[in-house]
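# Per-entry structural report
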Amino acid sequence: MAFYDLSKSERADLVLVIQGIIKEALLGQSLLKAHLYFGDDDTYIRKSAYLVTGRLYSGEEALRPAILAMLSQFLPDPDFRVRQTVINAAGEIGKWHFEEVRFYFDEGLKDPHHSPRNAVIGSVKKMGEVNPVPVLAWAREYLHHEDKEIRREICHGIELRGRKHPEDILPLLRELQHDRAARVRNTLVHVIGQIAYKKGCLMKVLVHLEDWENRPLVDAALEEIIDVHHRYRNFAALTQAEAIGMIDAHYPGRKRKDL
């Protein structure tokens, strides 16, 4: 039976069972049952496995060496699901202990399957939101990587921090303004739009964009900001008209598309 076929109380009970089995596996040095959860076909079983692994790391210091050893053992697994769960577990740990798990993100960026790479993006998002200093320092190391997909993934991964603190990621985004890959530039424009519609963020974004050299990219970003304020009008801090007014005040000579 799938995780969400269970009732709420049954799901809570199952999570406790998974936590108990993973803890028992760590203490007993036999990781077979933990491995089964890490590679389960059900996304939500795997999610429970990585969440309880993060909780065990946070709450039981004595288990930390065994948890890191388990993740190391599982990382090269031939099943992409297991590798994906390892990255997500490392992401839970990295919210407070990034240096201990940064290796898993270095490896995850190179994974041949998209699922572990997407887990890196998701992990960078959740870690960067609460533990930005080491996570953003790590991300900066990959901004000019030779692989355009890695550059794109890093750009996407730092987005969530920018939704509350755009000033933290705008200097990193600025380094990508001349990226030679259209896929990276398109992601950059998307991220700028995503960090501009939250409360107090648009002005910070507009001020920072003023001295960017790639004016066509800035124009594309401004159009994306305007569009986002329409698409997300039920969530945006400003109306689209208010956003346009602020943009026009900063860029009075800008030619913009008719709505």
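In this convention, every chain numbers its residues from 1, walking through the sequence in written order. Restriction of local features to residues with pLDDT of at least 70 applies here, the model being predicted, together with a cutoff of 80 or more for giving and counting side-chain atom pairs; totals for whole chains, interfaces and linings are based on all residues. To get the side-chain values, take all heavy atoms of the structure and skip hydrogens and water.

### Thoughts on the packing of aromatic side chains
Put simply, the rule reads: When the centres of two rings from Phe, Tyr and Trp lie within 6.5 Å, Trp using its six-membered ring, the rings pair. Their planes under 30 degrees apart give stacked, over 60 give edge-to-face, and anything left gives tilted. Runs of E in the DSSP output that reach at least two residues are strands. Runs of H or I that reach at least four are helices, and both are numbered from the N terminus. Here's how the labels work: a residue is buried when its accessible area is under 20% of the maximum for its type, exposed when over 50%, partly exposed in between, all with a 1.4 Å probe on protein chains only.
One pass over the full model with this rule turns up 7 aromatic pairs. Ring geometry for phenylalanine 38 versus phenylalanine 74: centroids 5.3 Å apart, planes at 65°, classification edge-to-face. On the criterion of sequence distance, the pair formed by phenylalanine 38 in helix H2 (residues 32–38) and phenylalanine 74 in helix H4 (residues 64–74) is long-range, its members being 36 residues apart. Ring geometry for tryptophan 138 against tyrosine 142: centres 5.1 Å apart, planes inclined by 55°, an arrangement best described as tilted. Looking at tyrosine 142, the relative accessible area reads 12%, which means it is buried.

### Description of helix H1 (residues 8–28)
Rules: What a helix should span is 1.5 Å times the count of its residues minus one. What the arc measures is the spread of directions leading from the helix axis to the C-beta atoms.
For H1, spanning 21 residues, the distance from its first C-alpha to its last is 30 Å, which sits close to the expected 30 Å at 1.5 Å a residue. Every buried residue of H1 is listed here: Arg11, Val15, Ile18, Ile22, Ala25 and Leu26. Looking straight down H1, one finds that the buried residues subtend no more than 100° of arc, so they occupy a single side. Along H1, the residues that are exposed and aim more than 90 degrees away from the buried face are Leu16, Glu24 and Leu27. Just past H1, the residue glutamine 29 takes up positive phi, approximately 65°.

### Notes on the nonpolar core
Note the following rule: The definition of a nonpolar core used throughout is a set of buried Ala, Val, Leu, Ile, Met, Phe, Trp, Tyr and Cys residues joined through side-chain atoms within 4.5 Å. The contact criterion used is simple: two residues touch if any of their non-hydrogen atoms lie within 4.5 Å.
Counting residues in hydrophobic clusters, the biggest one holds 75 residues, and the most contacted among them are Ile22, Phe38, Leu71, Phe105, Trp138, Leu173 and Ile192. Counting residues per element, this core draws most heavily on helix H12 (residues 182–196), at 7 residues. Contacts of isoleucine 22, omitting those with residues within four sequence positions, involve Ala34, Phe38, Ala49, Val52, Thr53 and Leu56.

### Focus on the confidence of the model for the chain
Rule in force here: Summary of the metric used: pLDDT quantifies the predictor's per-residue confidence within the range 0 to 100.
Per-residue pLDDT for the chain has a mean of 93; in total, 98% of the residues score no lower than 70. When pLDDT is averaged over each helix and strand of the chain, the minimum, 90, is found for H1 and the maximum, 98, for helix H5 (residues 80–94).

### Quick look at H5
Note the following rule: Counting of polar contacts relies on pairs of N or O atoms within 3.5 Å, with two restrictions inside protein: one atom must be capable of donating a hydrogen and the other of accepting it, and residues adjacent in sequence are counted only when both atoms are side-chain atoms.
For H5, built from 15 residues, the straight-helix expectation of 21 Å at 1.5 Å per residue is met to within 8% by its first-to-last C-alpha distance of 21 Å. Here H5 starts with a cap whose side-chain oxygen sits 2.9 Å from the backbone nitrogen of arginine 81, and that cap is aspartate 79.

### Things to note about the packing of helix H6 (residues 98–108) against helix H7 (residues 114–130)
Between two packed helices, the angle of one axis relative to the other and the distance separating the axes together describe the packing. Let me state the cut-off plainly: Axis definition: a line fit to C-alpha positions, over the contact stretch in the case of helices; interaxial angles, taken between N-to-C directions, run 0 to 180 degrees. Crossings are sorted by hand: turned counterclockwise from the far helix by less than a right angle, the near helix makes the crossing left-handed, and turned clockwise it makes it right-handed. When residues are grouped by polarity, Ala, Val, Leu, Ile, Met, Phe, Trp, Tyr, Cys and Pro land in nonpolar, Asp, Glu, Lys and Arg in charged, and all others, Gly among them, in polar.
Their axes nearest at 9 Å, the elements H6 and H7 cross at an angle of 145°. Here the hand of the crossing between H6 and H7 comes out left-handed. In this structure, H6 contributes Phe98, Phe105 and Gly108 to the contact, and H7 contributes Pro116, Arg117, Val120, Ser123 and Met127. Of the residues assigned to the contact of H6 with H7, the class counts are 5 nonpolar, 2 polar and 1 charged.

### Describing the pattern of salt bridges
Oppositely charged side chains may form a pair once their charged atoms are brought near each other. Using the following cut-off: Every case where a carboxyl oxygen of Asp or Glu lies within 4 Å of a side-chain nitrogen of Lys or Arg is listed as a salt bridge.
For the structure shown, the criterion picks out 22 salt bridges. One salt bridge in this structure joins arginine 102 and glutamate 99, with 3.4 Å as the shortest N-O distance. Placement of both arginine 102 and glutamate 99 in helix H6 is noted, with a separation of 3 residues, approximately one turn of the helix. For arginine 140, the salt bridge identified is with glutamate 175, shortest N-O distance 2.2 Å.

### Remarks on the packing of helix H3 (residues 43–59) against H5
Closest axis-to-axis distance for the H3/H5 pair is 8 Å, and the angle between their directions is 35°. The two elements H3 and H5 meet at a crossing, and its hand is right-handed. Of the residues in H5, those touching H3 at Arg46, Ala49, Tyr50, Leu51, Thr53, Gly54 and Tyr57 are Arg81, Gln84, Thr85, Asn88, Ala89, Glu92 and Ile93. Broken down by class, the residue content of the contact of H3 with H5 amounts to 6 nonpolar, 5 polar and 3 charged.

### Brief notes about the side chain of arginine 151
With respect to the secondary-structure elements, arginine 151 resides in helix H9 (residues 148–157). Within the structure, the side chain of arginine 151 is placed 3.4 Å from the backbone oxygen of glutamate 146, a separation counted as a polar contact. Sequence-distant contacts of arginine 151, that is, excluding residues within four places in its chain, are made with Tyr142, Leu143, His144, His145, Glu146, Asp179, Arg180, Ala181 and Val184.

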